[in-house]
Amino acid sequence: MTVVIDTLGSGRPRHPEKQNRPDTPMLRKPPWLRVRAPGSEGYAATRAVVKTHGLTTVCEEAACPNIGECWTQNHATMMIMGEVCTRACAFCNVTTGKPAALDPTEPSRVADAVAKMGLKHVVITSVDRDDLADGGAEHFAQVVRAIRAAAPETTVEILTPDFLRKPVAAAEQVIDSRPDVFNHNLETVPRLYLSIRPGARYYHSLRLLERVKERDAQMFTKSGLMVGLGETKEEVMQVMDDMRSAGVDFLTIGQYLQPTRKHAAVDRFVTPEEFKAYEEIARAKGFLMVSASPLTRSSHHAGEDFAKLQAARRAREAAA
């Protein structure tokens, strides 16, 4: 089990805002959620490229259960703007605190790593940077442009912060960098925002996704939900409807996994059969692409799913 008060090299607690919280129970994982520890040659090769270029990955920082599979296949989700987040979401394992200044060499380092890894599709995400006037929007756009220059054949998917309380121009700047997929996760149902995602606002996040389509109708949009936090089926279905109203093309649904006893507790483990039912409902509501399974994460199988997303759009346009 991860210890929430384990310290970093600087002696700073990983989650200082959670130290005084009471411990929550950690349920034993069912068989369908158990994965092998990473250790393949492909995993080691990907890790070497990441470390050589001084990059941060959400795979490591968020303790993703799919890291072994993805890194073995030479897939890694780059996390930019540092490894310290200004938010304190109850579900997230990323370090909370005061971030360092942005590194102006990061866009070129990320782009160089993408080119050297020969990635066909790359996912770029970031911590929240509420400390910056534009929430880090210009830096995000610089990374996208640098990848375009260094690896023009690589398709780019971004998973962005919400840019809450930032000028509208900040989000527009990221949209205008023209990623192939613009992803922003709603994470959970509106009723649970105060306890699970207190630094965010549900309708602001929904509006961000809608704004992408208003600015570029052809850009693919994507959003994700965690289940097992105490939401009801009806609430999940309402979020699906909200996403479709905002024009979201691609929905991901995965099981919430509790990082430590100081994080939000798992209410229950949703069965594979229930995930299958969610997928069928979402497809009936009109999403071009749906990925729903216990181990689904925003960037899991992102490259393969992007190809399916493109094919689904072509098929729909042909049928129209």
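Calculation rules
- Residues numbered from 1 in each chain as written.
- Predicted model: local features only at pLDDT ≥ 70, side-chain atom pairs only at ≥ 80, totals over all residues.
- Heavy atoms only, no water.
- Salt bridge = Lys/Arg side-chain N within 4 Å of Asp/Glu carboxyl O.
- Helix = DSSP H or I, 4+ residues; strand = E, 2+ residues; numbered from the N terminus.
- Buried < 20%, exposed > 50% of the residue type's maximum accessible area, 1.4 Å probe, protein only.
- Pairing = 2+ DSSP bridges.
- Axes fitted to C-alpha atoms, helices over the stretch in contact; angles between N-to-C directions.
- Contact = heavy atoms within 4.5 Å.
- Right-handed = clockwise from strand over helix to strand, strands pointing away.
- Parallel < 35°, antiparallel > 145°, perpendicular 65-115°, else oblique.
- Nonpolar A, V, L, I, M, F, W, Y, C, P; charged D, E, K, R; others polar.
- Phe/Tyr/Trp six-rings, centres within 6.5 Å; stacked < 30°, edge-to-face > 60°.

Account for the pattern of salt bridges, with residues named and values stated.
For the structure on display, the rule yields 20 salt bridges. Of the charged contacts in the structure, one is a salt bridge between Arg87 and Asp128, with a shortest N-O distance of 3.8 Å. Of the two residues, Arg87 sits in the loop between strand 2 (84–85) and strand 3 (95–96) while Asp128 sits in the loop between strand 4 (121–126) and helix 5 (137–150), which places them 41 residues apart along the sequence. Both residues of the pair, Arg87 and Asp128, belong to the buried class. Here Glu172 and Arg215 are joined by a salt bridge, their closest N and O atoms 3.5 Å apart. With Glu172 in helix 6 (residues 168–175) and Arg215 in helix 8 (residues 202–215), the pair connects residues that are 43 residues apart, well separated along the chain.

Any details on the sheet that holds strand 1 (residues 77–80)? Residues and values, ideally.
With respect to topology, seven strands assemble into an open sheet ordered 1-4-5-6-7-8-9, the strand pairing being parallel. Looking at strand neighbours, the two that pair on one side only are strand 1 and strand 9 (289–292), the edges of this open sheet. Between one strand axis and the next, the sheet turns by 20 degrees as a mean value, whatever way the strands run. Pairing between strand 5 (residues 155–159) and strand 6 (residues 181–183): three bridges, direction parallel. The residue bridging Ile158 from the neighbouring strand is Phe182, located in strand 6. Helix 5 rests against strand 1, strand 4 and strand 5 of the sheet, and its axis sits at about 165 degrees to strand 5.

Can you break down the pairing of strand 8 (residues 250–255) residue by residue, with the values?
Counting buried residues in strand 8 gives six out of six residues, a clear majority hidden from the surface. Of the two faces of strand 8, both are covered, the one formed by Phe250, Thr252 and Gly254 as well as the one formed by Leu251, Ile253 and Gln255. With six bridges connecting them, strand 7 (residues 220–227) and strand 8 associate as parallel partners. Of the residues in strand 8, the one forming a bridge with Met226 is Gly254. The handedness of the strand 7 to strand 8 crossover, carried by helix 9 (residues 233–245), is right-handed. One ladder, built from four bridges, connects strand 8 with strand 9; its direction is parallel. If you follow Leu251 over to strand 9, its bridge partner there is Val290. Read as a crossover between parallel neighbours, the route from strand 8 over helix 10 (residues 272–284) to strand 9 is right-handed.

Lay out the packing of helix 5 against helix 6 with the relevant residues and their values.
As a packed pair, helix 5 and helix 6 sit with axes 8 Å apart at the nearest point and diverge in direction by 5 degrees. Put simply, helix 5 runs roughly parallel to helix 6. Residue-level contacts link Ala137, Glu138, Phe140 and Ala141 of helix 5 to Ala170, Gln173 and Val174 of helix 6. Taken together, the residues of the contact of helix 5 with helix 6 sort by class into five nonpolar, one polar and one charged.

Which residues make up the side chain of Thr221, and what values go with them?
Relative to the helices and strands, Thr221 is located in strand 7. If near-sequence neighbours (up to four positions away) are discounted, Thr221 is found in contact with Phe182, Leu209, Val212, Lys213, Gly247, Val248, Asp249 and Phe250.

Describe the environment of Ser205, and please don't skip the residues or the numbers.
Relative to the helices and strands, Ser205 resides in helix 8. Spatially, the C-alpha atom of Ser205 lies 9.9 Å from that of Glu187, the residues being 18 residues apart in sequence. The contact partners of Ser205, leaving out residues within four places of it in the chain, are Asp162, His184, Leu186, Tyr193 and Arg197.

Could you give me a rundown of the environment of Pro190, with the residues and numbers involved?
In this structure, Pro190 sits in the loop between strand 6 and helix 7 (193–196). Given a relative accessible area of 35%, Pro190 falls into the partly exposed group. As a C-alpha pair, Pro190 and Tyr203 span 13 residues in sequence and 8.4 Å in three-dimensional space. Not counting residues up to four positions away in its chain, the partners in contact with Pro190 are Tyr202 and Val239.

Outline the packing of aromatic side chains, supporting the account with residue identities and numerical values.
Two descriptors summarise a pair of aromatic rings, namely the distance from one centre to the other and the angle between the planes of the rings. Tallied over the full model, the rule gives three aromatic pairs. Geometrically, the ring pair formed by Tyr202 and Tyr203 is edge-to-face, given 4.9 Å between the ring centres and 90 degrees between the ring planes. In this structure Tyr203 comes out as exposed when scored by relative accessible area, which is 58%. Measuring from ring centre to ring centre gives 5.9 Å for Phe220 and Phe306, while their planes differ by 90 degrees; the resulting arrangement is edge-to-face. One end of the pair, Phe220, is in strand 7; the other, Phe306, is in helix 11 (residues 302–319), and 86 residues separate them in sequence.

Tell me about unusual backbone geometry, and please be specific about residues and values.
Phi angles above zero are rare outside glycine, and Phe163 is one such case at about 55 degrees. As for its placement among the helices and strands, Phe163 is situated in the loop between strand 5 and helix 6.

Please give an account of the pairing of strand 7 that cites residues and values.
The element strand 7 is extensively covered by neighbouring structure, given that eight of its eight residues are classed as buried. Because side chains alternate across strand 7, one face comprises the buried residues Phe220, Lys222, Gly224 and Met226, and the other comprises Thr221, Ser223, Leu225 and Val227, equally buried. In the sheet, strand 6 pairs with strand 7 via three bridges, with the strands oriented parallel. Of the residues in strand 7, the one forming a bridge with Asn183 is Lys222.

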